[in-house]
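# Coordinates in review
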Amino acid sequence: MEEWKQLVRDTINTPEKLHSIFPNSNLEELQRVHKEFPIRINPYYLSLIEEPNDPIWKQVVPDSKELISTGFEDPLAEEHDSEVPNVTHRYPDRVLFYVNYMCPIYCRFCTRKRKVGDPYSIPDQNFEIGLEYIRKHSEIRDVIISGGDPLMLTDKKIEYIVSRLRETEHIEIIRIGSRVPVTLPQRITPNLCEILKKNHPFYINTHFNHPIEITRETKKACEMLVDSGIPVGNQTVLLRGVNDDPEVMRELMRKLLSIRVKPYYIYQADLVYGTDHFRTSIESGLEVINGLRGHISGLGVPHYVIDAPNGGGKIAIIPNAIESLNEEEIILKNYEGNTYSYPSQPFFDEDW
Ligand SMILES: *Cc1c(COP(=O)(O)O)cnc(C)c1O
Ligand code: SF4
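Residues numbered from 1 in each chain as written. Chains lettered and ligands numbered in written order. Predicted model: local features only at pLDDT ≥ 70, side-chain atom pairs only at ≥ 80, totals over all residues. Heavy atoms only, no water.

Across its full length, the chain carries 12 helices and 12 strands. Relative to a compact globule of 352 residues, whose C-alpha radius of gyration would be 20 Å, the chain shows 22 Å and is just as compact. Split into buried and exposed, the 352 residues of the chain put 51% on the buried side. Working note: accessible area of the chain is about 17200 Å², and carbon and sulfur atoms make up 52% of it. Looking at the chain, you have 40 positive and 53 negative side-chain charges, and the mean spots of the two groups are 7 Å apart. (Helix = DSSP H or I, 4+ residues; strand = E, 2+ residues; numbered from the N terminus. Rg over C-alpha atoms; globule rule 2.2 N^0.38 Å. Buried < 20%, exposed > 50% of the residue type's maximum accessible area, 1.4 Å probe, protein only. Areas by Shrake-Rupley, 256 points an atom, 1.4 Å probe, with all protein chains shown as cover. Lys, Arg positive; Asp, Glu negative; His and termini not counted. Charge placed at Lys NZ, Arg CZ, Asp CG, Glu CD.)

What follows is about the site of ligand 1. Near ligand 1 you find T88, R90, Y91, R94, L96, I144, R175, Y264, Y265 and K314, and these make up its full shell. In the complex, the protein chains occlude 90% of the 380 Å² of accessible area that ligand 1 would expose alone. Contributing elements (two or more residues each) for the shell around ligand 1: strand 2 (94–98) and strand 7 (261–267). Residues of the shell around ligand 1, tallied by class, amount to five nonpolar, one polar and four charged. (Near = heavy atom within 4 Å. Nonpolar A, V, L, I, M, F, W, Y, C, P; charged D, E, K, R; others polar.)

Strand order in the open sheet made by the three strands is 10-11-12, with antiparallel pairing throughout. Two strands in the sheet have a free side with no partner beyond their single neighbour: strand 10 (322–325) and strand 12 (339–343). Across the sheet, the mean angle from the axis of one strand to that of its neighbour is 20°, orientation sign disregarded. Relative to strand 12, strand 11 (residues 329–333) runs antiparallel, the two being bridged by five bridges. (Pairing = 2+ DSSP bridges. Axes fitted to C-alpha atoms, helices over the stretch in contact; angles between N-to-C directions.)

Once that is clear, we can look at the pairing of strand 9 (residues 313–316). As judged from the four bridges shared by strand 8 (residues 303–308) and strand 9, these two strands associate in the antiparallel manner. Paired with V305 across the two strands is A316, which belongs to strand 9. Between the antiparallel neighbours strand 8 and strand 9 lie four residues, among them N310 with a positive phi of about 65°.

A few words now on the sheet that holds strand 6 (residues 232–237). As summarised here, the arrangement of the nine strands in space is 1-2-3-4-5-6-7-8-9, forming an open sheet in which the pairing is mixed. Looking along the sheet, the strands with just one partner apiece sit at the ends: strand 1 (87–88) and strand 9. Note that strand 6 and strand 7 share six bridges and pair parallel. Directly across from N234, in strand 7, lies its bridge partner P263. Of the strands in this sheet, strand 6 and strand 7 touch helix 11 (residues 246–258), which is tilted by about 145° from strand 7. (Contact = heavy atoms within 4.5 Å.)

Moving on to the pattern of salt bridges. A side chain with one charge can pair with a side chain of the opposite charge if their charged atoms come near. In total, this model carries 22 salt bridges according to the counting rule given. The partner of K198 in a salt bridge is E159, and the shortest N-O contact between them spans 3.1 Å. With K198 in the loop between helix 9 (190–197) and strand 5 (202–206) and E159 in helix 7 (residues 155–167), this residue pair connects regions lying 39 residues apart in the sequence. Overall, E159 belongs to the partly exposed group, its relative accessible area being 30%. Connected through shared salt-bridge partners, E66, R108 and K113 make up one network. (Salt bridge = Lys/Arg side-chain N within 4 Å of Asp/Glu carboxyl O.)

On to the site of ligand 2, then. Around ligand 2, a shell composed of C103, I105, Y106, C107, C110, V116, G148 and R179 is seen. Broken down by class, the residue content of the shell around ligand 2 amounts to six nonpolar, one polar and one charged.

Taken domain by domain, the chain consists of domain 1 (69–316) and domain 2 (321–352). Once you take the C-alpha centre of each, domain 1 and domain 2 turn out to be 38 Å apart. (Domains from an automatic or database assignment.)

Turning our attention to the packing of helix 7 against helix 9. Contact geometry of helix 7 with helix 9 gives a least axis separation of 10 Å together with a crossing angle of 10°. Relative to helix 9, helix 7 is oriented roughly parallel. Listed contacts from helix 9 to D155, I158 and E159 of helix 7 are N191, L192, I195 and L196. Residues belonging to the contact of helix 7 with helix 9 are distributed by class as follows: four nonpolar, one polar and two charged. (Parallel < 35°, antiparallel > 145°, perpendicular 65-115°, else oblique.)

We now examine a nonpolar patch on the surface. Residues I322, L325, L332, Y340 and Y342 make up a contiguous nonpolar surface patch of about 520 Å² in total accessible area. Elements with a contribution of two residues or more to the nonpolar patch: strand 10 and strand 12. When you line up the elements, Y342 lands in strand 12. (Patch = residues over 30% accessible without salt bridge, like charges linked within 9 Å, V, L, I, M, F, W, Y side chains within 5 Å.)

What follows deals with the nonpolar core. One finds L18, I134, V143, I145, L196, I266 and L292 to be the most contacted residues of the largest nonpolar core, which totals 80 residues. Dropping the residues within four chain positions of it, L292 is found in contact with M249, R250, M253, I266, V301 and P302. (Core = buried A, V, L, I, M, F, W, Y, C linked by side-chain atoms within 4.5 Å.)

The linkage connecting G147 with the following residue, G148, adopts the cis geometry, with an omega of 15°. Secondary-structure assignment places G148 in the loop between strand 3 (142–146) and helix 7. Put simply, H200 and P201 share a cis peptide bond, and its omega is -5°. Mapped onto the fold, P201 is located in the loop between helix 9 and strand 5. A positive phi angle is found at N53, which is not glycine, with a value near 70°. Turning to its location among the elements, N53 is positioned in the loop between helix 4 (43–46) and helix 5 (55–60).

Structure follows, in structure tokens:
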């Protein structure tokens, strides 16, 4: 059996199993939360936990705070922007296409908590409904295959979906959004890379949240993808007590560049029910961004975005670098807080 399949088979998915590994955890609490939001941690990701409440633990071990919440089930109105069950078509030229709701771990802060882990969320034959929608809408140029985690499907199914999309003439690029390179790097096999590279131009966006997640295994997985000609980007979620710290984020972004992963977005956590305890203030997000820009390579500075409630889409928040602006000059503030004047109009005169 392939190593990743063995890891999936040995996944911890009951409160009792998790409690037997961490005897100091509260079994009754784990059981109560598990009923609402299932537990799932594979042995690889589990091995990254060094101690209770560390940044890895917080991402995957249930917390009773998940049960007291003021958030929303579907804060981004993803269901609203859906004409067919498995496609969200919000932006003019690109869609999210959900192909499963299974993941190698269940992240406690997941935006799709309402779906993830529910084995009835998506029957296989629904690939066809999504593929048909995409085929009929010639304005779609870019498909983001999402979930759950698309790379939890078998090679055969992935090949089927990707090659069907590639046959569609108006589709220019195909992307996969997947935490697999982080949470189950063993899944990135030579065969999988072969399938993906046959269908270029192909992109992957993954989801590292903390420098501890960059290991020998995740490095190898990302390098295999990049060596197959697949640009790999990273989307991080700002999480209280995990990465809401400029120093941690600087280290994360630097390490990502060193494994050839390009930081793409930092998300303000969505208003999902059961995740209040993870949310950080906007100010602390701005502090993180201010701690990146100028301090590390521009390649390592992602956009800080809020996915606007009710389907407004991603909106970038940019710390104010403009001190003042008038007819003559703009006063700019750099990363060290020094100000510089620059003419606000071109010198070129139409009468010359
Ligand atoms: C994030 C997202 C996309 C892709 O957005 P990019 O900014 O192009 O990466 C597409 N559709 C929806 C609904 C999204 O939330
Ligand atoms: S891997 Fe992604 S989709 Fe799956 S639980 Fe984590 S955040 Fe949610």
